[in-house]
Amino acid sequence: KCEEINKKRKSICKRSVQEAFCIMDDKPSKNLPFILLAQSNWHHGIIGLIAARVMDKYKKPVAILSGDKNGYFRGSVRSKKEFDVSKALESCSMYLEKHGGHSCAGGFTIKAENIQFLEQKLIEYAQEKNINNIDYVVEPEAYIDFSNINSDLISTLNLMEPFGNGNPKPIFWSRGCEVMEKKY
């Protein structure tokens, strides 16, 4: 039953992440140092996962918001350690109903009418911290020989999801590789 629920969550998350990527593709302000996306249809239980995926792709701090029926949105923020989420949320507390978190992740509740003010304040905070110039360093954890990469390994790694701050996605390194494609 747990595996069934997890598969459903993964499917919902995958769809929502793709929707977030599509929104970002259409967003004219891609060069801003902070990303805020809000949708009423995103489930509040997965907004942290969406934020982490968007952050990984765009290499910027991200807030993902999900609306409820009472005119409020719940938000989840993810970032690398160079952007202190807890301090950023504290600097925006005048717009938030409640908030909490730590340096790499946080959550909050906000009235719908305050979202635009929050976004502007978070962009200003990121600009003050010079977030556009963060170099996200990849730090591999373990060596792996290509002969050990197979479907059993992938299946085992998939069982360890969801990845996030307390459970980081494993990064491997190997020798004798040729870079075929590079994505930013």
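In this text, all values refer to a predicted model and were calculated from it rather than measured experimentally. Residue indices follow the written sequence of each chain, beginning from 1 at its first position. Since the coordinates come from a predicted model, pLDDT governs what is reported: local features require at least 70, and pairs of side-chain atoms require 80 or more to be given and counted, while whole-chain, interface and lining totals use all residues. Based on all heavy atoms of the structure, the side-chain values leave hydrogens and waters out of the count.

Caption draft 1: How the structure looks around the pairing of strand β1 (residues 35-39). Here, a strand pair is defined by DSSP locating no fewer than two bridges between the strands. Strands here are runs of E lasting at least two residues and helices are runs of H or I lasting at least four, both read from the DSSP assignment and numbered beginning at the N terminus. Note: β1 against strand β2 (residues 62-67), 5 bridges, orientation parallel. Residue L37 lies in a different strand from β2, and its bridge partner there is I64. Following the chain from β1 across helix α2 (residues 47-58) to the adjacent parallel β2, one finds a crossover that is right-handed. Convention used here: a crossover is right-handed provided that the path from the first strand, over the helix, to the second strand proceeds clockwise when the strands point away from the viewer.

Caption draft 2: Spotlight on the pairing of strand β5 (residues 105-111). Each residue gets one of three labels from its accessible area relative to the maximum for its type: buried under 20%, exposed over 50%, partly exposed in between, using a 1.4 Å probe on protein chains only. In terms of burial, β5 is a largely internal element, 5 of the 7 residues being buried. Sheet analysis places strand β3 (residues 72-78) next to β5, joined by 7 bridges and oriented antiparallel. Following the sheet pairing, F73 is matched in β5 by I110. Relative to β5, strand β4 (residues 96-101) runs antiparallel, the two being bridged by 5 bridges. Its bridge partner lying in β5, K98 is registered against T109. The hairpin formed by β4 and β5 contains 3 residues between the paired strands.

Caption draft 3: Here's a closer look at a nonpolar patch on the surface. A residue counts toward a patch only above 30% relative accessible area and without a salt bridge, and it is joined to like-charged neighbours within 9 Å or, for Val, Leu, Ile, Met, Phe, Trp and Tyr, to nonpolar neighbours within 5 Å. Computed with the Shrake-Rupley method and a 1.4 Å probe, the accessible areas treat only the protein chains shown as cover for residues. For this document, the term salt bridge refers to a Lys or Arg side-chain nitrogen within 4 Å of an Asp or Glu carboxyl oxygen. Where nonpolar side chains cluster on the molecular surface, the patch consists of F146, I149 and I154 and spans about 280 Å² of accessible area. Mapped onto the fold, I154 is located in helix α5 (residues 151-159). Judged by relative accessible area, I154 falls into the partly exposed class, the value being 41%.

Caption draft 4: Broad picture of the packing of aromatic side chains. Pairing of aromatic rings covers Phe, Tyr and Trp, the last counted by its six-membered ring, and requires centre-to-centre distances within 6.5 Å; plane angles under 30 degrees mean stacked, over 60 mean edge-to-face, and any other angle means tilted. Under the counting rule described, the total for this entry stands at 5 aromatic pairs. When the centroid spacing of 4.8 Å and the interplanar angle of 65 degrees are considered together, the rings of Y143 and W173 count as edge-to-face. Taken together, the residues span a long stretch of sequence, with Y143 in strand β6 (residues 142-143) and W173 in strand β7 (residues 172-173) at a distance of 30 residues. When its relative accessible area of 38% is taken as the criterion, Y143 is described as partly exposed. We call a charge positioned over a ring when the NZ of a Lys or the CZ of an Arg lies within 6 Å of the ring centre and within 35 degrees of the ring normal. Over the ring of F21 we find K57; its NZ or CZ atom is 4.3 Å from the centre of that ring.

As far as function goes, none of this settles anything; it's purely spatial.
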